[in-house]
Amino acid sequence: MLRYIKRQYLLVLTALGISIVSSIIGPVSALLEKNIIDAIVQGNMKDFQAALWYTALVVLAAGGIYYANALTESRFKNRFMMDMRNDLYDGIMRKGIAAFQEQDTADYISMINNDADTVSTNFSNPVWRLISIGITAVLSLAVMLMYSPFLTGTAVLCSLFSFLVPKIITKYIRKSLTEKAICESALAVQLKESLNGHDVVSAYGILPRIRVRFLEANKKLADTLYRFSLFLSLLQNSSSIIGKAVKVVTFLVAGGMAVRGQISVGTVLLFESLYGFFSGGIMTFSQCVPLLAGCGPVIDRLMNVIDCRDDTLQGSTAPTFSTEIRIKDLYFRYVEAFPVLTGLQLTIHKGEKLALTGASGCGKSTLVKLLSGNYSGYQGEICYDGVELRYLDMNKLRKMIAVIHQKTFLFNDTIRYNICLGEVFSEDALDNAMKLSGVDKFLPHITDGVDGQCGEDGANLSGGQKQRIALARALIRGIDFLILDEGVSAIDARTANEIEQELLDMENLTLLTITHRIRDGLLERYDRVLYMDEGRIVERISS
């Protein structure tokens, strides 16, 4: 967490300076109150008037200082939250595809929305309180020692009781915060699935049954929050009760000393005020430490994501594809007991149009993932122009290959944005990509044309239109190697045939089509058609 303080060190130093000045106001006010009371008891009008003027100046200064303190504190907390969410986003998006898919996307959303808020509320807030109130407590203790070491020692010894309950309750707060993070993630998962599956829920009329799952997750979260609030209330109230009891004891001891003439009445009230500041610091410490300790598992969970680095494949050689991609003795399995690829052999030549067919589960899509560098745990070789995949720069490789899947994702933005993806391309390059992909064929029917809205995940477009945008997205970047992984299987046969024909007509494009079957009239257009079964290529179908 220190990284977030270091990033805002100027703000932190400014806020710390203001907190120190702000912290002095309490003890100074207590000293002024002592002087006023002593002046009243002694009937000293001159000292009384002077103390009043000083008090007025302190009150005026306090207004500005407290405002500046609140401003800098709020600014720091906002920056803390913003930086943590930014780092979480970067850590999640840095993950390799295989690592990313190990967790539900709703869990990632819950981390950014809920866990970051939990850490800010139960970590940055307590830390700030400890700094600001801690300074006041130390200054108050120093002034108390100046006037009566005996009273000060009595107050400090009695205050030690404030730590008993927090020490006992810390483990329960830690457990509650961990359960809170888990339950918030589970609720987010249920909500995401309900929204994503809205069509299925409506079509089959299963809302009452699906709703049960959401209600259960919601109830678990509510129960966890209730338990946490109980522990938090117990923590706060126990510290407060002990603090008040100690204050009474201190007041009684100080009152006895005043009756015996050992200290003045003003000094009694001074100790009363100063002990309030000191006791506030003790109570804050006893309340904040359990919260800080309780945040440990949540912080560890977030930092694991923030510090995540995709070390799947960390080569540095720039990839090329001017001659061939050669796959030799390729073995791969997701689970130890179930091999997916078993000694696969394949060579893909530059500019070749290659179709790979086979039954579901034979390993076609896995081969695509390995070619794209999504998994590293394979045996054998995948060489681009003679250089093994493990030695290649993955960022550059993924700019050379494009995979179009059966389901194309579109951002809730314009057609232009979904093709360019925020990069700057010339209008000529955009027009050429739209012409080659066939996007230009349906643009006249779209309101605002290329600047028309696609809707959430392309809701305003047909399946064929979405696939053509995906093609334009690849073609505008001069992709050398295009893989259609069942990429046109979800759209109508006529549109699928048109798209496939257009790709086969591109002379310089290397095309690998992964499919269950080759459509009529296209078989002879491919240079080679291969059949895959049980993780290896077992037959070559003549084109």
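Conventions adopted
Residues numbered from 1 in each chain as written. Predicted model: local features only at pLDDT ≥ 70, side-chain atom pairs only at ≥ 80, totals over all residues. Heavy atoms only, no water. Helix = DSSP H or I, 4+ residues; strand = E, 2+ residues; numbered from the N terminus. Rg over C-alpha atoms; globule rule 2.2 N^0.38 Å. Buried < 20%, exposed > 50% of the residue type's maximum accessible area, 1.4 Å probe, protein only. Contact = heavy atoms within 4.5 Å. Areas by Shrake-Rupley, 256 points an atom, 1.4 Å probe, with all protein chains shown as cover. Pairing = 2+ DSSP bridges. Axes fitted to C-alpha atoms, helices over the stretch in contact; angles between N-to-C directions. Phe/Tyr/Trp six-rings, centres within 6.5 Å; stacked < 30°, edge-to-face > 60°. Lys, Arg positive; Asp, Glu negative; His and termini not counted. Salt bridge = Lys/Arg side-chain N within 4 Å of Asp/Glu carboxyl O. Polar contact = N/O pair within 3.5 Å; in protein donor to acceptor, adjacent residues only side chain to side chain. Expected span 1.5 Å × (residues − 1). pLDDT = per-residue confidence, 0-100. Core = buried A, V, L, I, M, F, W, Y, C linked by side-chain atoms within 4.5 Å. Left-handed = near helix turned anticlockwise from the far one by under 90°. Nonpolar A, V, L, I, M, F, W, Y, C, P; charged D, E, K, R; others polar.

### Focus on the overall build of the protein chain
Right, on to step 1. Looking only at helices and strands, the protein chain features 17 helices and 10 strands.
Right, on to step 2. Relative to a compact globule of 543 residues, whose C-alpha radius of gyration would be 24 Å, the protein chain shows 35 Å and is clearly more extended.
Right, on to step 3. For the protein chain, the spread of C-alpha atoms along the principal axes amounts to about 115 × 55 × 50 Å.
Right, on to step 4. Within the protein chain, buried positions represent 46% of all 543 residues.
Right, on to step 5. By sequence separation, contacts in the protein chain at least 24 residues apart represent 78% of the contacts at least 6 residues apart.
Right, on to step 6. A total of about 27,800 Å² of accessible surface is found on the protein chain, and carbon and sulfur atoms cover 59% of it.

### Considerations on the sheet that holds strand β5 (residues 387-388)
Right, on to step 1. Taken in spatial order, the four strands make up an open sheet running β2-β1-β4-β5, and their pairing is antiparallel. Both edges of this open sheet fall to β2 (338-349) and β5, since each of them pairs with a single strand only.
Right, on to step 2. Lying over the sheet, helix α12 (residues 364-371) contacts β1 (324-335), β2 and β4 (379-384), oriented at roughly 115 degrees with respect to β1.

### Description of the packing of aromatic side chains
Right, on to step 1. Enumeration over the complete set of coordinates arrives at nine aromatic pairs.
Right, on to step 2. Seen from their ring centres, F321 and F481 are 5.8 Å apart, and the 65 degrees between their planes marks the pair as edge-to-face. With a gap of 160 residues between them, F321 in the loop between α11 (296-306) and β1 and F481 in strand β7 (residues 481-485) connect regions that are remote in the sequence.
Right, on to step 3. An angle of 80 degrees between the planes, with centres 5.5 Å apart, marks the rings of Y334 and Y375 as edge-to-face. Placement of Y334 in strand β1 and of Y375 in the loop between α12 and β4 is noted, with a sequence separation of 41 residues between them.
Right, on to step 4. The exposure class assigned to Y334 is partly exposed, which follows from its relative accessible area of 40%.
Right, on to step 5. The exposure class assigned to Y375 is buried, which follows from its relative accessible area of 14%.

### Some details on the side chain of D393
Right, on to step 1. In this structure, D393 sits in the loop between β5 and α13 (394-397).
Right, on to step 2. Buried within the structure, D393 lacks any salt-bridge partner; K396 is the closest side chain of opposite charge, at an N-O distance of 4.5 Å.
Right, on to step 3. Engagement of the side chain of D393 in a polar contact is seen with the backbone nitrogen of N395, the distance being 3.0 Å.

### Some points on the pairing of β2
Right, on to step 1. As judged from the nine bridges shared by β1 and β2, these two strands associate in the antiparallel manner. Within β2, the position partnered with I327 by the bridge is L346.
Right, on to step 2. The turn joining β1 and β2, which pair antiparallel and follow one another in sequence, is formed by two residues.

### Side note on helix α16 (residues 463-475)
Right, on to step 1. The end-to-end C-alpha separation of α16 is 19 Å, in line with the 18 Å expected for 13 residues at 1.5 Å each.
Right, on to step 2. Most of α16 sits out of view: 12 of its 13 residues are buried.
Right, on to step 3. All of the buried residues along α16 are G464, Q465, K466, Q467, R468, I469, A470, L471, A472, R473, A474 and L475.
Right, on to step 4. Tucked into the core, α16 has its buried residues touching β6 (401-405), α14 (415-420), α15 (427-437), β7 and α17 (493-504).

### Let's talk about the pattern of salt bridges
Two side chains with opposite charge may pair up if their charged atoms get near one another.
Right, on to step 1. One pass over the structure, following the stated rule, counts 20 salt bridges.
Right, on to step 2. The partner of D307 in a salt bridge is R3, with the nearest N and O atoms 2.9 Å apart. Taken together, the residues D307 in the loop between α11 and β1 and R3 in helix α1 (residues 2-7) connect sequence positions 304 residues apart.
Right, on to step 3. Residue class for D307 comes out partly exposed when judged on its relative accessible area of 39%.
Right, on to step 4. In this structure R3 comes out as partly exposed when scored by relative accessible area, which is 30%.
Right, on to step 5. Note that E502 and R468 form a salt bridge whose closest N and O atoms lie 3.1 Å from each other. Of this pair, E502 sits in helix α17 while R468 is found in helix α16, placing the two residues 34 residues apart along the sequence.

### Brief notes about the confidence of the model for the protein chain
Caution applies to low-pLDDT parts of the model: their predicted coordinates are not meant to be read in detail.
Right, on to step 1. Per-chain confidence: the protein chain averages 82 in pLDDT, with 94% of residues scoring 70 or above.
Right, on to step 2. When mean pLDDT is compared element by element in the protein chain, β5 scores highest at 94, while helix α10 (residues 265-294) scores lowest at 73.

### Let's talk about the nonpolar core
Right, on to step 1. In this structure, L330, L371, I382, Y384, L389 and L512 are the most contacted members of the largest nonpolar core, which totals 35 residues.
Right, on to step 2. Take this core: its biggest share by element is five residues, from β2.
Right, on to step 3. Each residue touching Y384, except ones within four places of it in the same chain, is listed here: T320, E324, I325, L371, L389, L392, L397, M400 and I401.
Right, on to step 4. In terms of nonpolar packing, the next biggest core, distinct from the first, is built from 32 residues, V12, V119, F123 and I173 among them.

### Focus: the packing of helix α2 (residues 9-42) against helix α5 (residues 105-147)
Right, on to step 1. Direction vectors running N to C along α2 and α5 enclose 35 degrees, while the axes themselves pass 9 Å from each other. Our pair here, α2 against α5, has a crossing hand that is right-handed. Where α2 abuts α5, its residues A15, L16, S19, I20, S23, I24, P27, L31 and K34 lie against W128, I131, S132, I135, T136, L139, S140, V143 and Y147.
Right, on to step 2. Counted by class, the contact of α2 with α5 contains 12 nonpolar, five polar and one charged residues.

### Topic: unusual backbone geometry
Right, on to step 1. Here L421, not a glycine, exhibits a phi torsion of approximately 55 degrees, which is positive.
Right, on to step 2. You can see L421 is positioned in the loop between α14 and α15.
Right, on to step 3. On the accessibility criterion, L421 (32% relative accessible area) is partly exposed.
Right, on to step 4. Phi at D457 is positive, roughly 50 degrees, even though this residue is not glycine.
Right, on to step 5. Position of D457 among the secondary structure elements: in the loop between α15 and α16.

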